[in-house]
Amino acid sequence: MINNNSHNCMASSQESIIRTTNSLTDRLRRNQTLTDAEFQQILQTQEEESLEYLYQNARQVCDIHYGKNIYARGLIEFTNYCRNNCYYCGIRRENRKAERYRLTEEDIINCAKEGYALGFRTFVLQGGEDIYYTKEKLGHIITQIKKFYPECAVTLSFGEWDYDTYQYWHRCGADRYLLRHETADQIHYQGLHPHEMNYFHRMNCLEQLKETGYQVGAGFMVGSPGQTVETLVKDLRFLEKFQPHMIGIGPFIPQKDTPFAGKASGTLSMTRKLLSVLRLMFPKVLLPSTTALGTIHPQGREMGILSGANVVMPNLSPVNVRGKYLLYNDKIHTGCESAQARQQLAERIHLLGYKLCMDRGDSKMQTCISEKKKEDFHESCTEQQPCAADRTQYP
């Protein structure tokens, strides 16, 4: 009798937890926000029934705004040189074991040419902060891509530069810019980066990108060293104020030649929870299911889509350099990660009940943030910062 009573109490407690967590999901879907304590509760839940309910709601919200489309971007990793020395990154300046490369303008244009023939209508130019690609040099590459493929979108993922440089590239035809904020906690930020990199400068760059007119992406690693559920809530609050067009998150994965080589990876579970929470907070945002997700689990990309993500980025880089852009251990770059395997990727997505869409797929988020949110965001970015262009060290 005692055992039965104990079992009944446990079952009742579990049911209560599930009801409470599901009600938080309902409230988040309805209001697109929660209190800090409620965000923490939903991120810490381990109940499978509640998690499935969260994922289901995220999928439903995504379907309302984007239908069953999963947008494909052609990724061109054009340089793995970087002037920065981030503690987590495999292409950090002081990693002497990295096999460095740069693509020529002809290489990059050929990648876009092949991608266009494969049906891609967005090209993502991603690289370390490599000063070899001057403002004018990269601007000319952007101009050439837009000249040959004017209906295509060009997205840059190229780090911190000054306002004039961002403006110049935008005038050359760049449509979007991805710059992960990494963390909205200043102490955590400094734990991930050397002293010459500055939290407030990163935030200022994001604000400048939005003012310039880009569709802007922010984001963070899940499970990075020093991250807590409290810092994750700060990330959600920052994104709430900033209102990005795109949000890129993926699990932290250590790289063997960095100071964080021995750190634990971020988890699939927490990444999925955050993808779903972000979809409910930002119903119209573009939300990638990242390569890192596919690296930590064979079905990781699919699980990301089933958690509310709606973008994938197959690799268009030349085959001979794909294995050199190693931000983290065991990064996948073959099979469905290859743009040439588009049909295989499309079939896997079809099995989920979705369709691989090759359109530009512009964000449906509002182009401008409200004056109140702009004011709130600006208040957090007011300190004087060093110019990113002054960091010119190289391996």
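Residues numbered from 1 in each chain as written. Predicted model: local features only at pLDDT ≥ 70, side-chain atom pairs only at ≥ 80, totals over all residues. Heavy atoms only, no water.

## Section: the nonpolar core
Here is step 1: One finds Leu-125, Leu-138, Ile-145, Trp-169 and Tyr-177 to be the most contacted residues of the largest nonpolar core, which totals 93 residues.
Here is step 2: Dropping the residues within four chain positions of it, Leu-138 is found in contact with Phe-78, Leu-125, Tyr-133, Leu-156, Phe-158 and Trp-169.
Here is step 3: One finds Tyr-71, Leu-75, Val-124 and Cys-357 within the second-largest nonpolar core, a separate group that totals 10 residues. (Core = buried A, V, L, I, M, F, W, Y, C linked by side-chain atoms within 4.5 Å. Buried < 20%, exposed > 50% of the residue type's maximum accessible area, 1.4 Å probe, protein only. Contact = heavy atoms within 4.5 Å.)

## Let's talk about helix 9 (residues 229-242)
Here is step 1: Here helix 9 spans 20 Å end to end across 14 residues, near enough to the 20 Å set by a 1.5 Å rise per residue.
Here is step 2: A large share of helix 9 lies buried, amounting to 10 of its 14 residues.
Here is step 3: For helix 9, the full list of buried residues reads Val-229, Thr-231, Leu-232, Val-233, Asp-235, Leu-236, Phe-238, Leu-239, Glu-240 and Phe-242.
Here is step 4: Where helix 9 ends, the next residue or the one after it, Gln-243, has phi of about 55°, a positive value. (Helix = DSSP H or I, 4+ residues; strand = E, 2+ residues; numbered from the N terminus. Expected span 1.5 Å × (residues − 1).)

## Some remarks on the environment of Leu-206
Here is step 1: Locating Leu-206 in the fold gives a position in helix 8 (residues 199-212).
Here is step 2: The exposure class assigned to Leu-206 is buried, which follows from its relative accessible area of 0%.
Here is step 3: As for Leu-206 and Leu-178, which are separated by 28 residues in sequence, their C-alpha atoms are 9.0 Å apart.

## Here's the deal with the sheet that holds strand 7 (residues 246-251)
Here is step 1: Pairing within the open sheet is parallel, and its 6 strands lie in the order 2-3-4-5-6-7. The outermost strands of the open sheet, each flanked by one partner alone, are strand 2 (74-79) and strand 7. For this sheet, the mean inter-axis angle between neighbouring strands, taken without regard to orientation, is 20°.
Here is step 2: Pairing analysis gives 2 bridges linking strand 4 (residues 153-157) to strand 5 (residues 176-178), with the strands arranged parallel. When the sheet's bridge partners are listed, Thr-155 is paired in strand 5 with Arg-176.
Here is step 3: Lying on the sheet, helix 9 is in contact with strand 6 (215-222) and strand 7; it crosses strand 6 at an angle near 175°. (Pairing = 2+ DSSP bridges. Axes fitted to C-alpha atoms, helices over the stretch in contact; angles between N-to-C directions.)

## Digging into the confidence of the model for the protein chain
Here is step 1: Taken residue by residue, the protein chain gives an average pLDDT of 90. The fraction at 70 or more is 87%.
Here is step 2: Confidence over residues 368-375 falls short of pLDDT 50; this stretch has 10 contacts with residues more than four positions distant or in other chains.
Here is step 3: Long-range and interchain partners of residues 377-395, a stretch whose pLDDT sits below 50, account for 48 contacts in this model, where long-range means more than four residues apart. (pLDDT = per-residue confidence, 0-100.)

## A closer look at the pattern of salt bridges
Side chains carrying opposite charge are able to pair once their charged atoms draw close together.
Here is step 1: Going through the model one piece at a time under the given rule, you end up with 18 salt bridges.
Here is step 2: With a shortest N-O distance of 4.0 Å, Glu-94 and Arg-93 are connected by a salt bridge.
Here is step 3: Its relative accessible area of 44% is what places Glu-94 among the partly exposed residues.
Here is step 4: Asp-185 is the salt-bridge partner of Lys-234, the closest N and O atoms lying 2.7 Å from each other. Here Lys-234, found in helix 9, pairs with Asp-185, found in the loop between strand 5 and helix 7 (186-192); they are 49 residues apart in sequence, far enough to count as distant.
Here is step 5: Residues joined in a network through salt bridges with shared partners are Lys-146, Asp-175, Arg-176, Arg-360 and Asp-362. (Salt bridge = Lys/Arg side-chain N within 4 Å of Asp/Glu carboxyl O.)

## Considering the sheet that holds strand 1 (residues 69-72)
Here is step 1: Spatial strand order, 8-1-9: 3 strands in an open sheet with parallel pairing. Every interior strand has two partners, whereas the edge strands, strand 8 (311-312) and strand 9 (355-357), have only one.
Here is step 2: In terms of strand pairing, strand 1 meets strand 8 through 2 bridges, oriented parallel. Bridged to Ala-72 within strand 8 is Val-312.
Here is step 3: Packing against the sheet, helix 14 (residues 342-350) makes contact with strand 1, strand 8 and strand 9, and its axis sits at approximately 135° to strand 9.

## A short note on the side chain of Thr-45
Here is step 1: Mapping Thr-45 onto the fold places it in the loop between helix 2 (36-44) and helix 3 (48-66).
Here is step 2: With residues up to four places along the chain from it excluded, the contact list for Thr-45 reads Thr-21, Ser-50, Leu-51 and Lys-273.

## Some thoughts on the side chain of Arg-83
Here is step 1: Turning to its location among the elements, Arg-83 is positioned in the loop between strand 2 and helix 4 (105-118).
Here is step 2: Overall, Arg-83 belongs to the buried group, its relative accessible area being 1%.

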